[in-house]
Amino acid sequence: ASASSGEAPSPNFGATSSWLDCSSKGGLKHRALEWLVDGPGGPVSREEAPLLLFLHASSLCGGAFAPVVQRIPGICAVACDQRGHGDTSAPTEEGSYHWDHFGEDFLRIVEAVTEKYGRAPTACVTHSFAGDCAVMALSKRSVPVGQMILLDPVLADPAGVTAGARLAKGTKRLGEKEAGGFDSAAAVGEALEKVLGGALARPMDGEAKAAFAAFGSFEDAGRWRLKCRRENEAMVYANRVATADYLADKSVPAKVQILFGQKRRGKPEDQAELYARDWDQAERVVGRCLDGSKVHLVPGVGHFLIL
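Rules of the game
Residues numbered from 1 in each chain as written. Predicted model: local features only at pLDDT ≥ 70, side-chain atom pairs only at ≥ 80, totals over all residues. Heavy atoms only, no water. Helix = DSSP H or I, 4+ residues; strand = E, 2+ residues; numbered from the N terminus. Rg over C-alpha atoms; globule rule 2.2 N^0.38 Å. Buried < 20%, exposed > 50% of the residue type's maximum accessible area, 1.4 Å probe, protein only. Contact = heavy atoms within 4.5 Å. Areas by Shrake-Rupley, 256 points an atom, 1.4 Å probe, with all protein chains shown as cover. Lys, Arg positive; Asp, Glu negative; His and termini not counted. Charge placed at Lys NZ, Arg CZ, Asp CG, Glu CD. Pairing = 2+ DSSP bridges. Axes fitted to C-alpha atoms, helices over the stretch in contact; angles between N-to-C directions. Salt bridge = Lys/Arg side-chain N within 4 Å of Asp/Glu carboxyl O. Expected span 1.5 Å × (residues − 1).

## Let's talk about the overall build of the protein
Piece 1. The number of helices and strands found in the protein is nine helices and ten strands.
Piece 2. Taken over C-alpha atoms, the radius of gyration comes to 18 Å for the protein, in line with the 19 Å a tight globule of 307 residues would show.
Piece 3. Here the C-alpha coordinates of the protein stretch approximately 50 × 45 × 40 Å along the principal axes.
Piece 4. In the protein, which comprises 307 residues, the share counted as buried stands at 54%.
Piece 5. Considering only contacts in the protein between residues 6 or more positions apart, those separated by 24 or more positions represent 76%.
Piece 6. Summed over its atoms, the accessible surface of the protein is roughly 13200 Å², and 53% of this surface lies on carbon and sulfur atoms.
Piece 7. The averaged location of the 38 negative side-chain charges in the protein is 2 Å from the averaged location of its 35 positive side-chain charges.

Dropping the structure here:
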C-alpha cells in the first residue's frame, strides 16, 4: 500500500477522486482524478465531453496535471496515479517496476476507463516514460486508445539505457537526504524545482508546485513526505528500455503524436548533439505507428513541460 492515508488531498484543484480497481485482471488499484472543464459556452456533460486520459512521469503523480487540464476547455479529463506513485498501490516484489509492468497497467487502465465511462478515450496523454511504456504495450496487445499524445517520452538509445543505473544511484542518494521530510507543503514544491534544476527550460509554474505538493505528498507528524518513494523511482530508471530498438520489428496500432521539447536533458554545450540523437529516436518510434503519426517540436520547453 502507499504510504499515505488514502484520503483525497486538499486543496483538490477541482478534481473528483475515485479508484480504478484493476486487481481482478492482475493489476493494481489506481487512484483516479477527474475534471469536468467548462467549455466556451459553459458547463459540459460527462457523457458528451471529449474524454482524455493522462498518465504521469516517474516521481510525479496524476495530480501534477491539474494546472494543465484546467486550461483545456470543454473536456472530461482523467489522470491516474501509476504504480508506486501518489495513492496507487506500491508493490514490493522483485521486478515490480520493470517498464513492461507499467505498460500492462496502461492497457488495464484504458480498459477500466472505457468500462467506467462507456466509451474509449478520445486521446491518451502521457508524459516521459509513461509514453514509452504505453506504445511498447500497444505493440503487444491492441486496445482502443483514440489518439496517443506523448509529451517528451524518454526515447533512450542503448547508451541512455546504460545511464539508467547512474540515475538510479543518484535517486537513492536523494531519498536518503529527504528521509527527514520537508517543513511544509510549499517546501515540497520548492524542493521539486531544485531537484529538476537544469532539466527545466524555465522556472516552474506556481500552480504546478502547489498541485504536486497537494497530490504528491502527505503530512506525517508535522512533516511532509513524498508519496512516491525514491527507491521505487530509482527502479524506474534502472529498468530503462530503448524504445525505438524495442519497436524495430513491431508495429503500434495507434496514431501517435510525439511532442518533443526543444531543450534536451544534458549540458548546454551538448544540446545540438542531444537534439539530433533524440529526434532520430522519436522519428524511429512514429515510423512504427499508424499513418499520420508525427514528431512535433515544442519550442522553449524541456522534458518537464507540464510543470
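## Let's talk about the sheet that holds strand E10 (residues 294–298)
Strand pairing in a sheet relies on backbone hydrogen bonds, with the paired strands running either antiparallel or parallel.
Piece 1. One open sheet holds the eight strands; their spatial order is E1-E2-E4-E3-E5-E6-E9-E10, and the pairing between them is mixed. If you trace the sheet from one side to the other, it starts and ends with strand E1 (16–21) and E10, each paired once. On average, each strand axis in the sheet is tilted by 25 degrees relative to the strand beside it, whichever way the strands run.
Piece 2. Two elements, strand E3 (residues 51–55) and strand E5 (residues 123–127), share four bridges in a ladder whose sense is parallel. Bridge pairing in E5 links leucine 53 to cysteine 124.
Piece 3. Packed onto the sheet, helix H3 (residues 129–138) meets E3, E5, strand E6 (147–151) and strand E9 (255–261) and runs at close to 130 degrees relative to E5.

## Side note on the pattern of salt bridges
Piece 1. With the rule as written, the count across this model stands at 19 salt bridges.
Piece 2. The salt bridge involving lysine 209 is made with glutamate 193; its shortest N-O contact spans 2.7 Å. With lysine 209 in helix H6 (residues 206–216) and glutamate 193 in helix H5 (residues 185–196), this pair connects stretches of sequence that are 16 residues apart. Both residues of the pair, lysine 209 and glutamate 193, belong to the buried class.

## Looking at H5
Piece 1. Spanning twelve residues, H5 covers 17 Å between terminal C-alpha atoms, matching the ideal 16 Å at 1.5 Å per step.
Piece 2. Along H5, the positions that sit buried rather than exposed are Val188, Gly189, Ala191, Leu192, Glu193 and Leu196.
Piece 3. Turning to H5, the residues buried within the fold contact H6, strand E7 (217–220) and strand E8 (223–226).

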